[in-house]
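Summary of the model geometry
Now for the letters of each chain:
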Amino acid sequence: DLLDPERLIQCPLVKHHVIRARRFPYHLVKCKESNPEIAKKLATCPFNARHLVPQEDLSEHIMKCNDKAFVEQDVVSRSCEPPQEQLNDGSTWQAPPCAEDWET
């Protein structure tokens, strides 16, 4: 189950590291710091920061990434909403007058 926080995930930096899903983001930060030479060779997926792939494989990963669908769906749903400026144009609210006198 992909949503199970107890499932085990293999670290993309050090293959013998196996981490629980709930700890995976923390592990990635620490493992990148501990293995800077390996981290330099990996690229981060623009759709999911937990996906670290070899830099030369990034474009292929982007084409196949399962998380791309979630981002694209979010972009489409946001494009159907009216822009925020249109919502505020009809507002007649004004701030109430301030009775405080900071000079006194």
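Quantities reported herein were computed from a predicted structural model and do not represent experimental measurements. (Residues numbered from 1 in each chain as written. Predicted model: local features only at pLDDT ≥ 70, side-chain atom pairs only at ≥ 80, totals over all residues. Heavy atoms only, no water.)

Quick word on the side chain of Asp-67
Tracing the backbone shows Asp-67 in the loop between helix H3 (58-64) and helix H4 (68-79). The buried charged residue Asp-67 lacks any salt bridge partner; its closest oppositely charged side chain belongs to Arg-50, at an N-O distance of 8.2 Å. Contacts of Asp-67, omitting those with residues within four sequence positions, involve Phe-47, Asn-48 and His-51. (Helix = DSSP H or I, 4+ residues; strand = E, 2+ residues; numbered from the N terminus. Buried < 20%, exposed > 50% of the residue type's maximum accessible area, 1.4 Å probe, protein only. Lys, Arg positive; Asp, Glu negative; His and termini not counted. Salt bridge = Lys/Arg side-chain N within 4 Å of Asp/Glu carboxyl O. Contact = heavy atoms within 4.5 Å.)

Some remarks on the layout of surface pockets
Roughly 470 Å³ of volume is contained in the largest pocket. Around the largest pocket, the lining is made up of 16 residues, and of these Leu-2, Arg-7, Asn-48, His-51 and Asp-67 lie nearest the centre. (1 Å grid on protein atoms, 1.4 Å probe; cavity = no way out; pocket = protein on both sides within 12 Å on 5 of 7 lines; lining within 4 Å. Points joined across faces, edges and corners; volume = space filled by probe spheres on them.)

Observations regarding the state of the cysteines
Throughout the structure, instances matching the rule amount to zero disulfides. Of all cysteine sulfurs in the structure, the one in Cys-45 sits closest to Cys-65, which takes part in no disulfide; the separation is 3.7 Å. With relative accessibility at 7%, the residue Cys-65 sits in the buried group. (Disulfide = S-S within 2.5 Å.)

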